[in-house]
Each structure stands twice: as C-alpha cells, then as structure tokens.
Amino acid sequence: SQQGEEDPQALSIQEGENATMNCSYKTSINNLQWYRQNSGRGLVHLILIRSNEREKHSGRLRVTLDTSKKSSSLLITASRAADTASYFCATRKAAGNKLTFGGGTRVLVKP
Amino acid sequence: DVKVTQSSRYLVKRTGEKVFLECVQDMDHENMFWYRQDPGLGLRLIYFSYDVKMKEKGDIPEGYSVSREKKERFSLILESASTNQTSMYLCASKTGGDYGYTFGSGTRLTVV
C-alpha cells in the first residue's frame, strides 16, 4: 500500500494562480519529500522537509508538514505553464533510506 | 550535478527473453534503487542496494533480480520477461543523510 496519498489527483489552473496539493501518510517518518515529473521523464527532487520542521520554502515553492495530522502540503505560487507536470510526495521512515511514493497530483497550468 | 544514466529510453522485448536494464551514476553514491511506475499504481520499489554487492528486496521483487558489482552501476534483470512487466522503469541514487534521490530519465519497457 502507498504510504503517501496525494489530493487532488488532478488540478487545472490559469497561469499566475497558485496551486496547492496535499499529501497524507500513515506511519511516522524521518522526512517527507516532493518531486516533479514531466511527462514520460524521470522525477526531479524539489524539496525535503524533516519531521521536526513545519515549513520550508524554495523559490516559488512552499511546503508545510503537520506530523500530528500526518499530512503535508505543497504550494506553488504564481504558476507558469512550465509548472505543468505530475507532483509526488514521498516519505522516508525513521530507519533506512527507502522512499515510499504516493500516486501523484497531475497539474495543468493553462497559459 | 549528479547524473544518473539509464542505458535505454525505450525497449521492446519478447516474452521469455532475459532483459538487462542498466543504470550508472557518476557521483559515488552509496545507495541505488530501482522502481517501476504504472498508471494508477504510482512508483513501486523493486530492489535497492546500500553498497557494492549488497542488495535488498523492495515491495515487488518477484520476477526480478539485481546486480551491483561496481559502486556506480546497478543493473536490473528480468529473468524471463512477461507481458505484466511492461512498465516504466526508473533508477535512482542518493548519498547518505537527508538528501533527495536523483533519478534517471527512465526506460519504457514493452514486453510483447
């Protein structure tokens, strides 16, 4: 079973709008990561947030983590057509280096 | 920048063939991983390796094996390809500590 579950499964917005997607997970984690995948390509690491952190920023990306609710959110501000991609959350448990991925959110940014 | 290179973007193989998927990384990472990605099922871990000659089963190892004879290379082997192994295969590597994975571009394998 998947550790992370993204919501919504798909999102369509206009260029310039913000995009928010959520991730829920089931067990305690060491860190949570977000990745982007352009169609038919490999995944690109976007940002990592540790279990003792609550918020992190990287450029137009903002990630929050609520360990009490076992959930995270990814906000993309001022979206661009180039942000069109699938976004995945992935969790790393306390022991080991394995990541478990969610099913992803498909984001379409319309020009 | 770390590079993870997968030898083929597209492969078509016949049922019953032995298939080798190669992955090479150039940054001396200890950890390497093989995932498969299928619509509706997300990414599922097949095998991973913490070091040369070390391997661990992931969530779906059946029908696959791996080889890691050198630190930079991690090979996925389909012993006898079957149509249900048609998928996108993604290789990744990472160093120790709190860092993300670096993925290759993927190999789309079709078994006919």
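Residues numbered from 1 in each chain as written. Chains lettered and ligands numbered in written order. Predicted model: local features only at pLDDT ≥ 70, side-chain atom pairs only at ≥ 80, totals over all residues. Heavy atoms only, no water.

**Section: the side chain of Gln37(A)**
Move 1: Residue position: Gln37(A) is located in strand S4 (residues 31-37).
Move 2: Discounting chain neighbours no more than four positions away, the residues touching Gln37(A) are Gly42(A), Leu43(A), Ala85(A), Ser86(A), Phe88(A), Gln37(B) and Leu90(B). (Helix = DSSP H or I, 4+ residues; strand = E, 2+ residues; numbered from the N terminus. Contact = heavy atoms within 4.5 Å.)

**Some thoughts on the sheet that holds strand S3 (residues 19-24) of chain A**
Residue and element names in this part refer to chain A.
Move 1: Pairing is antiparallel in the open sheet, where five strands are placed in the order S1-S3-S8-S7-S6. In the strand order of this sheet, the two ends are held by strand S1 (5-7) and strand S6 (55-58), each with one partner. The mean angle between the axes of side-by-side strands here comes to 20 degrees, regardless of whether they run parallel or antiparallel.
Move 2: Direction of pairing for S3 relative to strand S8 (residues 71-76): antiparallel, over a ladder of six bridges. Residue pairing in the sheet places Ser24 in a bridge with Ser71 of S8. (Pairing = 2+ DSSP bridges. Axes fitted to C-alpha atoms, helices over the stretch in contact; angles between N-to-C directions.)

**Observations regarding the environment of Val66(B)**
Residues and elements named next belong to chain B.
Move 1: Looking at where Val66 falls in the secondary structure, it is placed in strand S8 (residues 64-70).
Move 2: Judged by its relative accessible area of 8%, Val66 falls in the buried class.
Move 3: Counting along the chain gives 22 residues from Val66 to Arg44, while the straight-line C-alpha distance between them is 15 Å.
Move 4: Residues contacting Val66, with those up to four places away along its chain left out, are Trp34, Tyr47, Lys55, Phe74, Ser75, Leu76 and Ile77. (Buried < 20%, exposed > 50% of the residue type's maximum accessible area, 1.4 Å probe, protein only.)

**Considering the pairing of strand S5 (residues 31-38) of chain B**
Residues and elements named next belong to chain B.
Move 1: Among the eight residues of S5, eight are classified as buried, and the element is accordingly described as predominantly covered.
Move 2: Side chains of S5 alternate between two faces, with Asn31, Phe33, Tyr35 and Gln37 and Met32, Trp34, Arg36 and Asp38 buried alike.
Move 3: Pairing between S5 and strand S6 (residues 42-49): seven bridges, direction antiparallel. Pairing of Trp34 across the sheet is with Tyr47, part of S6.

**Side note on the interface of chain A and chain B**
Move 1: Listed per partner, the contact involves 22 residues of chain A and 23 residues of chain B.
Move 2: At the junction of chain A with chain B, the criterion picks out two salt bridges.
Move 3: The shortest N-O distance in the salt bridge between Arg50(A) and Asp98(B) comes to 2.8 Å.
Move 4: Counting across the chain A and chain B interface gives nine residue pairs in polar contact (both at pLDDT 80 or more).
Move 5: Those elements giving two or more residues to the side of chain A that touches chain B turn out to be S4, strand S5 (43-50), strand S9 (85-92) and strand S10 (99-101) of chain A.
Move 6: Here the side of chain A that touches chain B is composed, by residue class, of six nonpolar, 12 polar and four charged. (Salt bridge = Lys/Arg side-chain N within 4 Å of Asp/Glu carboxyl O. Polar contact = N/O pair within 3.5 Å; in protein donor to acceptor, adjacent residues only side chain to side chain. Nonpolar A, V, L, I, M, F, W, Y, C, P; charged D, E, K, R; others polar.)

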